[in-house]
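For reference, the chains in residue letters:
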Amino acid sequence: MELYPDISLKTSAPALGTRCWIFPQPPFILGYEQPDRVLLSILPDEIGDGPSDILMYVADPLFDKEPYGFSGLPPYRGPQRRSVRSGPDRHFDSLDPRSRDYLGVHAYACIHFVLDVWRNYLARPMHWFFSDLYPRLEIVPFVRWNNAHAGFGFIELGCSETGGEQSPYALNFDTIAHEIGHLITLSQTGLPGNLSRDADFFPFSEAISDSISLISFLHFDSAIDRLLRRTKGNLLLYNELNRFAETSPETQIRLATNFRRMSEVTSEAHDRSLPLLGAIFDTIVELYHRELVASGCADRRLLSVNLRDLTQDEFDWFRQTTAEAFRDRPLFFKLALIKARDSVGGAIGAALHRLDPDTMRLGDAALAIISAADLQAAAQLEENFVWREIIGSR
Ligand SMILES: [Zn+2]
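Draft legend 1. Inspection of the overall build of the protein at higher detail. Across its full length, the protein carries 12 helices and eight strands. When the 394 residues of the protein are sorted by exposure, 46% land in the buried category. Within the protein, counting contacts between residues at least 6 apart in sequence, those at least 24 apart form 69% of the total.

Draft legend 2. Examining the packing of helix 1 (residues 102-119) against helix 2 (residues 173-189) more closely. Relative to each other, helix 1 and helix 2 sit at 50°, their axes nearing to 9 Å. Between helix 1 and helix 2, the interaxial angle falls into the category oblique. Helix-helix and strand crossings are classified by hand; for helix 1 and helix 2 the assignment is right-handed. Across the interface between the two elements, Ala107, Cys110, Ile111, Val114 and Trp118 from helix 1 touch Phe173, Ile176, Ala177, Ile180 and Ile184 from helix 2. When grouped by side-chain class, the residues that make up the contact of helix 1 with helix 2 number 10 nonpolar, no polar and no charged.

Draft legend 3. Seen up close, the nonpolar core. Counting 103 residues, the largest nonpolar core has Cys110, Ile111, Ile139 and Ile369 as its most contacted members. A per-element tally of this core places helix 1 first, with 13 residues. Residue assignment places this core across two domains, with domain 1 (16-189) and domain 2 (201-387) each supplying three or more. In contact with Ile139, not counting residues within four places along its chain, are Met56, Tyr57, Val58, Ala59, Gly104, Ala107, Tyr108, Ile111 and Ile155.

Draft legend 4. Looking closely at unusual backbone geometry. For the peptide bond that leads from Gly50 to Pro51, omega is -5°, which places it in the cis range. Within the fold, Pro51 resides in the loop between strand 2 (36-40) and strand 3 (56-58). For the bond from Pro74 to Pro75, the omega torsion is 0°, close enough to zero to count as cis. Within the chain, Arg90 stands out as a residue other than glycine whose phi angle is a positive 75°. Non-glycine residue Lys232 carries a positive phi angle of around 50°. With respect to the secondary-structure elements, Lys232 resides in the loop between helix 4 (221-231) and helix 5 (238-246).

Draft legend 5. Structural view of the environment of Leu303. Of note, Leu303 is situated in helix 8 (residues 301-304). For Leu303, a count of 14 C-beta atoms within 10 Å corresponds to the partly exposed category. For the pair Leu303 and Val293, spaced 10 residues apart in sequence, the C-alpha to C-alpha distance is 8.2 Å.

Draft legend 6. Highlighting the environment of Ala336. Position of Ala336 among the secondary structure elements: in helix 10 (residues 330-351). Counting along the chain gives 51 residues from Ala336 to Val285, while the straight-line C-alpha distance between them is 9.7 Å. If we skip the residues at most four places from it in the chain, Ala336 touches Tyr288, Glu291, Leu292 and Ser295.

Draft legend 7. The packing of helix 10 against helix 11 (residues 362-372), seen in detail. Between helix 10 and helix 11, whose axes approach to 8 Å, the crossing angle comes to 120°. One way to sum up the angle between helix 10 and helix 11 is to call them oblique. For the element pair helix 10 and helix 11, the recorded crossing hand is right-handed. Of the residues in helix 11, those in contact with Ala347, Ile348, Ala350 and Ala351 of helix 10 are Ala368, Ile369 and Ala372. Split by residue class, the contact of helix 10 with helix 11 holds seven nonpolar, no polar and no charged.

Rules and cut-offs
- Residue indices begin from 1 for each chain and proceed along its sequence in written order.
- In view of the model being predicted, local features appear only for residues whose pLDDT reaches at least 70, and side-chain atom pairs are presented and counted only at 80 or more, with totals across whole chains, interfaces and linings using the full set of residues.
- Elements are defined by DSSP. Helices are runs of H or I of four residues or more, strands are runs of E of two residues or more, and each kind is numbered from the N terminus.
- With C-beta atoms placed from the backbone, a residue is buried if 20 or more other C-beta atoms are within 10 Å of its own, exposed if 12 or fewer are, and partly exposed between those counts.
- The contact criterion used is a C-beta to C-beta distance within 7 Å, with each C-beta placed from the backbone.
- Axis definition: a line fitted to C-alpha atoms, limited for helices to the stretch in contact. Angles are taken between N-to-C directions and run from 0 to 180 degrees.
- Under this scheme an angle from 65 to 115 degrees is roughly perpendicular, one under 35 degrees roughly parallel, and one over 145 degrees roughly antiparallel; angles in between are oblique.
- Definitions for this section: a left-handed crossing has its near helix turned counterclockwise from the far helix by less than a right angle. A right-handed crossing has that turn clockwise.
- In this classification, the charged set is Asp, Glu, Lys and Arg, the nonpolar set is Ala, Val, Leu, Ile, Met, Phe, Trp, Tyr, Cys and Pro, and all remaining amino acids, among them Gly, are polar.
- Throughout this description, the term nonpolar core refers to a group of buried Ala, Val, Leu, Ile, Met, Phe, Trp, Tyr and Cys residues whose C-beta atoms join them within 7 Å.
- By convention here, the domain bounds are inherited from an automatic or database domain assignment.

Laid out in structure tokens, this is it:
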């Protein structure tokens, strides 16, 4: 007996988007072994073999290729693997997401997913900064190289090696979202032309790309569910989050929970990006606290104590009451996190185009993000940027 026949192969359903598989975290991470089925906003009719479309295409070299930057620029003209075709229903979720063929589809799907998210937040339409020369982004899903980068007309993904195991970055949503974060940032700020000596564009760009990646990750319903269930809603507790984050399987959360201030970092771009990233992440957590208090899921005292210096007793009390509230009303926790995520995402998205990449300092970025935020988020952002020594108190 077949209770519900699969009608998707028989009739063409109204065009809502294109189905693909995405692993919200690499499949070797505990708890993330199964991919999510996502609906990209691009329609099946708009996607050709490869996959390819008006914005991007996959070029999967048949033989090892030197990464761009070391040799040449797109388009890739060498021999390529057979281009991947969609399934009989024109979607991509009938293909095996663990197959070698799927690497390119996965990277393609992740890029569309991130663009779909950020289209909502950006103040200006997103155009590739290289579109005068290259109308489309080339996606190279696999090169033998322990790195990933995006540049003039391309994103290229290598693989990491741990314990003799190869893990392609094409299956790593965080990495792809970070690289696309750079392209999104440049689409709004424009390309630096004449960087002044003390401009902070590179650390700024690293912090924003990590934020873009983290906020995009929080758009997987399954990821929010896993995060909240594992912590029993306890993003609520700064200390707990920090303890949790040290061993967190979600890479971007591990990076974002840091306590560095500007006086404690070096001039190296990744290091110098940490206070800005940390302040952005802290703001998401604190806005989440406010929402929980407003919906009666957390005690008001949570907003007045200094979470950085909780005693063990206070900490245990908060943990227990939050866990109880989460057990009773998990939906409120999810809504709180979504609201906090969108306030901060919206502020970043609306601020980017106001910055001059040649002269901007991290303080300018902080002020632009504050002035693009809603009132509550602005106050929280300002407090965190001050604590991080990115701006002075006003
Ligand atoms: Zn980067």
